[in-house]
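# Descriptive analysis of the structure
So the chains spell out like this:
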Amino acid sequence: MTPVDVVLIGRNEGDRLKAALASVAGQARQIVYVDSGSTDDSVAAAERAGAKVVNLDMTRPFTAARARNAGFDALDAPEYVQFIDGDCALVPGYLDAARAFLDLNPGTGMVTGWRSEIHRDATLYNQLCDWEWRRPAGEIAACGGDMMVRAQLWRDVGGMNPEVIAAEDDEVCVRFRKAGWTLHRIPHEMTRHDAAMTRFGQWWTRAVRTGHGFAQVGHLHPEYFVRERRRVLVYGLALPLLFLAGLLTTLWLSAAVLAIYALNYVRTAQGLIRDGLPAAQAWRHSLLLTLSKIPNLIGMARFHTRRVRRSDMRIIEYK
């Protein structure tokens, strides 16, 4: 049986990290925890749980990608590596199911499962996260940071790009596929995530980070996130400018822009309902998704400003 090693990453996750460590105990050959400058007892908790601890050098900007690379490098002769974020708890049985899939499918380089929110209905924002995580099983183009990867593939592509501060998982998946491997989501519960989003400001900051990811990964791989970037430019930039122009010239133009937003809101909600989201939730989620193009645009602009100025790509934290 091919051994599986686990890399956990975190920063001030507190009880969430303790739950993550407890969930992987006894299920992996090696457990490495990578800490990104926590000021709580995360490092001590990982040591008590028997994990090997790697402390990132905080004199350099830290990213989740950099942390995962450091965790991988700390493993001894890995074959299959499961990456888990420190705010996630592993679901029993998933590691065996993912390992079996890789064993039976030599052309698959990475496998993932279903992530879900622990406190899904605590807030609208948690609900939205839960919907984002739930995607159909089968061959996929990309996934989130919880993934099981063949160690040789990770080495071949050079791991994650440590400069990418958001959607680094999408970016490495693009390179996995360009290296000739298929990626797969199995129909199995994988991790329970704790988004802990209770405030509108947290959601807004997360949406800014998402926009940064659209722009940065799109800059590295122009064929990726094309639709997402186009929608942000239309609904986050062009239409607001037309609305303002209408206020200064002719009000019918502003009214037409509002009608376009209303139509987009309705179509988005209808799409969510077709995907199985309850109608009451779909209409609320659609409002956030429609509004999200504004913070997405801010994130895209932030990336390009940093790129032009050659500034450090520093992470955008929402909790």
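A brief look at the structure comes next. Not measured: the values here are computed from a predicted model.

Now for the overall build of the protein. Within the protein one finds twelve helices and nine strands. What you see for the protein is a C-alpha radius of gyration of 20 Å, in line with the 20 Å of a compact globule of 319 residues. Along the first, second and third principal axes, the C-alpha atoms of the protein reach 70 × 45 × 40 Å. Within the protein, contacts between residues at least 6 apart in sequence are counted, and of these 73% link residues at least 24 apart. In the form shown here, the protein has an accessible surface area of approximately 14500 Å², with 57% of it arising from carbon and sulfur atoms.

Another point: the side chain of Q202. Position of Q202 among the secondary structure elements: in helix α8 (residues 200-220). Owing to a relative accessible area of 4%, Q202 belongs among the buried residues under this scheme. Separated by 2.7 Å, the side chain of Q202 and the backbone nitrogen of T198 make a polar contact. A polar contact is formed between the side chain of Q202 and the backbone oxygen of Y318, at a distance of 3.4 Å.

To continue, consider the packing of helix α5 (residues 124-133) against α8. Direction vectors running N to C along α5 and α8 enclose 35°, while the axes themselves pass 10 Å from each other. Counted together, Y125, L128, C129, E132 and W133 of α5 and F200, W203 and R206 of α8 form the full contact between these two elements. Each residue belonging to the contact of α5 with α8 can be placed in one class, and the counts come to six nonpolar, no polar and two charged.

Among the ten residues in helix α3 (residues 64-73), eight count as buried, and that is most of the element. Along its buried surface, α3 packs onto β1 (4-10), β2 (31-35), β3 (52-55), β4 (80-85), α6 (151-157) and α7 (168-178).

Let us now look at α5. Most of α5 is tucked away: eight of the ten residues are buried. Looking at the packing, one finds that the buried side of α5 touches β6 (108-117), β9 (182-193), α8, α10 (251-274) and α11 (279-291).

Another aspect to go through is the packing of aromatic side chains. Enumeration according to the criterion identifies ten aromatic pairs in this entry. Between F200 and W204 the ring centres are 6.0 Å apart and the planes differ by 40°, which places this aromatic pair in the tilted class. Of this pair, F200 and W204 both sit in helix α8, four residues apart, which is roughly one turn of that helix. Under the relative-accessibility criterion, F200 is labelled partly exposed at 38%. With relative accessibility at 25%, the residue W204 sits in the partly exposed group. Sitting above the plane of the W131 ring, R135 keeps its charged end 4.4 Å from the centroid. Over the aromatic face of Y318 sits the side chain of R206, whose NZ or CZ is 6.0 Å from the ring centroid.

Within the largest apolar cluster, 47 residues are counted, with the highest numbers of intra-cluster contacts made by V34, F83, M110, M147, V149, C173 and F176. Leaving out residues up to four positions away in the same chain, C173 has contacts with M110, A141, A142, C143, M147 and L183. Counting residues in each nonpolar core, the second largest holds 25 residues, with A46, Y80, A98 and M148 among its members.

Together, L233, L237, L241, L244, L247, L248 and L251 line one region of the surface with nonpolar side chains, adding up to about 720 Å² of accessible area. Top element by residues in the nonpolar patch is helix α9 (residues 226-248). It accounts for six residues. Here L233 lies in helix α9. Its relative accessible area of 40% is what places L233 among the partly exposed residues.

In this section: the state of the cysteines. Scanning the entire structure with this criterion turns up zero disulfides. Free of any disulfide, C129 has its nearest neighbouring cysteine sulfur in C88, separated by 11 Å. Residue class for C129 comes out buried when judged on its relative accessible area of 0%. Lacking any disulfide linkage, C173 is separated from the closest cysteine sulfur, that of C143, by 4.3 Å. Under the relative-accessibility criterion, C173 is labelled buried at 0%.

To continue, consider the pattern of salt bridges. Overall, the coordinates contain 20 salt bridges when judged by the stated rule. Ionic pairing is found between R314 and D312, a salt bridge with its closest N-O pair at 3.5 Å. Judged by its relative accessible area of 43%, D312 falls in the partly exposed class.

Rules and cut-offs
- Residues numbered from 1 in each chain as written.
- Predicted model: local features only at pLDDT ≥ 70, side-chain atom pairs only at ≥ 80, totals over all residues.
- Heavy atoms only, no water.
- Helix = DSSP H or I, 4+ residues; strand = E, 2+ residues; numbered from the N terminus.
- Rg over C-alpha atoms; globule rule 2.2 N^0.38 Å.
- Contact = heavy atoms within 4.5 Å.
- Areas by Shrake-Rupley, 256 points an atom, 1.4 Å probe, with all protein chains shown as cover.
- Buried < 20%, exposed > 50% of the residue type's maximum accessible area, 1.4 Å probe, protein only.
- Polar contact = N/O pair within 3.5 Å; in protein donor to acceptor, adjacent residues only side chain to side chain.
- Axes fitted to C-alpha atoms, helices over the stretch in contact; angles between N-to-C directions.
- Nonpolar A, V, L, I, M, F, W, Y, C, P; charged D, E, K, R; others polar.
- Phe/Tyr/Trp six-rings, centres within 6.5 Å; stacked < 30°, edge-to-face > 60°.
- Lys NZ or Arg CZ within 6 Å of the ring centre and 35° of its normal.
- Core = buried A, V, L, I, M, F, W, Y, C linked by side-chain atoms within 4.5 Å.
- Patch = residues over 30% accessible without salt bridge, like charges linked within 9 Å, V, L, I, M, F, W, Y side chains within 5 Å.
- Salt bridge = Lys/Arg side-chain N within 4 Å of Asp/Glu carboxyl O.
- Disulfide = S-S within 2.5 Å.

Any functional reading would require information beyond the geometric quantities listed.
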